[in-house]
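One letter stands for each residue in the lines below.
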Amino acid sequence: MTPPMQAANRYAAGVNHQSMNPNLLHGNHLPSACTRVYIANVRVPAGRAQKESGIKIHEYQAKALFRDFGIRVPDGATATTPEEVEQAARSAGGPVAVKSQVHVGGRGKAGGIRIAATPDAAREAGEAILGMEIKGCLVRNVLVEPASSITREAYLGLILDRGAKAVTFIASAEGGVEIEVTAEKTPEKILRLEVSGDALPEAEARRIASALFQDDAYADAVLDVMNKLFTLFREKDCSLAEINPLVVTGNDVVLALDGKINFDDNALFKHPDIEALRDMDEENASEIEANEKGLSYVELDGDIGCMVNGAGLAMATMDIIKFCGGEPANFLDVGGSSNPEKVVHAFDLILRKGGVKAVMINIFGGITRCDDIANGILQAFDAITIEVPVVVRLSGTNAEEGRRLLEGSSLVPADTFSGAVRKVIELAKGSAA
């Protein structure tokens, strides 16, 4: 993934991320203004599917990696049919958990995780879960594993905290719930440990290990998990690795009951084994296509399409739209090349997403020439049907030539950044009316 795409995903993670958000854990909050440009994270809209940076894998794949690195997980088997679910339950020889495998959170609340006491009940659970949609993701397979008796549960995760410039453990004795909920409602229950070297600082790590289950009897086992999770995180170039919950079972075993791992796209060339774990059915088809065409695109929930050159300007454009009362529909960086065909592809991606009511094009001509962008816009209008208003702000190299090319078209010109934002929001609201 290119640096602009990383920036896009970091922005998207702030807008849509329902798991671990380091900015929230730091306690940062947004200013509410539209007269300045801020690069900041935005709180999660309720019910929105996760949008996180990096490559995601399924829970069963994460647990396989945990097992490879010596972290104890329940035995389990995947199934794609109710019959396979029933057979897996018979093999388990007792009550089982039937867990949907999708790249979003909130599976339990959506009915995607069920406990079944018998193989027949497991089959019924499989019939109910397989084929259901959870936050827009179709459930194609489930994980069937023995149900665990739990005496204690906690949260343990690792992130690459860019604010602290360190790999950071986030831990809490409140397990089994979204960590952001704990961070927001009871921040005193969140424990942090920044690791700047190649190994965990023993004393600080043991302090967290002892506090996690509030019992020194489990400190050695938790510390062992922390060391192994840290090794996995570093060796596999993860961007996130979390166990939620980490539990103590009725047999006094410390077990990773659920797991989640994301990976840094830039390091995939070093890890063909991780590349092979990708489930392309779970990834956004438009984002994959954009990457193939040299565009950095991340789909969001709003109704104002954005076409910008440069990741920083693209993020600033989304921020100021948000702060002034609009909702960006996407991140889209056309990059620094002067290729009109890219603009055609960019329009196609933006308008393919339903619900876009207006588009803002914000171009600063440095490497990119504004007249080439203008030609691309005109080509796009010839190639595809564009029925929504389009606001264009051109500034920099060949901006005057670009503006002259667009004269007489249906495009709405804007001389300033703030003026363009005001116009596109007004037009989007007018379309909604």
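For the structure, see preceding data.
Residues numbered from 1 in each chain as written. Predicted model: local features only at pLDDT ≥ 70, side-chain atom pairs only at ≥ 80, totals over all residues. Heavy atoms only, no water.

**Examining the overall build of the chain**
Across its full length, the chain carries 15 helices and 19 strands. Restricting the contact set of the chain to residue pairs at least 6 apart, pairs at least 24 apart contribute 72%. When the accessible area of the chain is evaluated, it comes to approximately 18500 Å², of which 49% is carbon and sulfur surface. (Helix = DSSP H or I, 4+ residues; strand = E, 2+ residues; numbered from the N terminus. Contact = heavy atoms within 4.5 Å. Areas by Shrake-Rupley, 256 points an atom, 1.4 Å probe, with all protein chains shown as cover.)

**Examining helix H11 (residues 311-323)**
The terminal C-alpha atoms of H11 lie 18 Å apart, and with 13 residues this matches the ideal 18 Å at 1.5 Å per residue to within 8%. Among the 13 residues in H11, eleven count as buried, and that is most of the element. Buried within H11 we find Ala311, Leu313, Ala314, Met315, Ala316, Thr317, Met318, Asp319, Ile320, Ile321 and Phe323. Gly325, located one to two residues past H11, shows a positive phi value of around 105°. (Expected span 1.5 Å × (residues − 1). Buried < 20%, exposed > 50% of the residue type's maximum accessible area, 1.4 Å probe, protein only.)

**Quick look at the packing of aromatic side chains**
Under the defined criterion, the tally for this structure stands at two aromatic pairs. Taken together, a centroid distance of 6.0 Å and an interplanar angle of 75° make the contact between Phe213 and Tyr218 edge-to-face. Its relative accessible area of 3% is what places Phe213 among the buried residues. Here Phe347 and Phe381 contribute two aromatic rings whose centre-to-centre distance is 6.0 Å and whose plane-to-plane angle is 80°, an arrangement assigned as edge-to-face. Here the residue Phe347 occupies a position in helix H12 (residues 340-352), and Phe381 occupies one in helix H13 (residues 370-383), the gap between them amounting to 34 residues. Given the relative accessible area of 0%, Phe347 is considered buried. (Phe/Tyr/Trp six-rings, centres within 6.5 Å; stacked < 30°, edge-to-face > 60°.)

**Comments concerning helix H7 (residues 202-212)**
Of all the positions in H7, only Ala205, Ile208, Ala209, Ser210 and Leu212 are classed as buried. The inward-facing, buried residues of H7 abut strand S8 (150-161), strand S9 (166-172), strand S10 (190-195), helix H8 (219-235) and strand S11 (238-249).

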